[in-house]
Amino acid sequence: MTSTPSPPVSEPDPSTFTCSTSLVGPCSSCQRTTHKYGNGGIPLCQWCMTHAREAWKPTVRFTSTRPQTQ
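In this report, we go over the structure that sits alongside the text. In this convention, every chain numbers its residues from 1, walking through the sequence in written order. Local features are withheld for residues below a pLDDT of 70 in this predicted model, meaning they are given only at 70 or higher, and side-chain atom pairs are given and counted only at 80 or more; totals for whole chains, interfaces and linings count all residues. Water and hydrogen atoms play no part in the side-chain values, which are based on all heavy atoms of the structure.

## What to know about the side chain of Asp13
As a reminder of what qualifies: Counting from the N terminus, the helices are the DSSP runs of H or I reaching at least four residues and the strands are the DSSP runs of E reaching at least two. Note on exposure labels: buried denotes an accessible area under 20% of the residue type's maximum, exposed denotes more than 50%, and partly exposed covers the range between, all computed with a 1.4 Å probe on protein chains only. Here a polar contact means two N or O atoms within 3.5 Å. Within protein one must be a hydrogen donor candidate and the other an acceptor candidate, and residues neighboring in sequence count only if both atoms are side-chain atoms.
Here Asp13 lies in the segment before strand E1 (24–26). We classify Asp13 as buried; its relative accessible area is 1%. Among the polar contacts made by the side chain of Asp13, one reaches the side chain of Thr34 at a distance of 3.0 Å. Only 2.9 Å separates the side chain of Asp13 from the backbone nitrogen of Gln46, close enough to count as a polar contact.

Given below as structure tokens:
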């Protein structure tokens, strides 16, 4: 699987553009601003979540409830 490198941590996760500011907080891994707890929120930015999924392999299931952006 080829992945694009993540942008600098100073740039927020795109999920922050679609949620209320009350649901925005730091990623629990890299501290990037991301959508945290709430309706569909998780405390990981999309880049840290990708690494976490790779480490989990098929033993853990995760269903994102975030709206998919095109």
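The structure having been displayed, the exposition proceeds.
## A closer look at the environment of Ser29
Operational definition: Residue contacts are defined here by distance: any two heavy atoms, one from each residue, within 4.5 Å place the two residues in contact.
Tracing the backbone through its elements, the reader meets Ser29 in the loop between E1 and strand E2 (33–35). If we ignore the near neighbours within four places in the chain, the residues touching Ser29 are Leu44 and Cys48.

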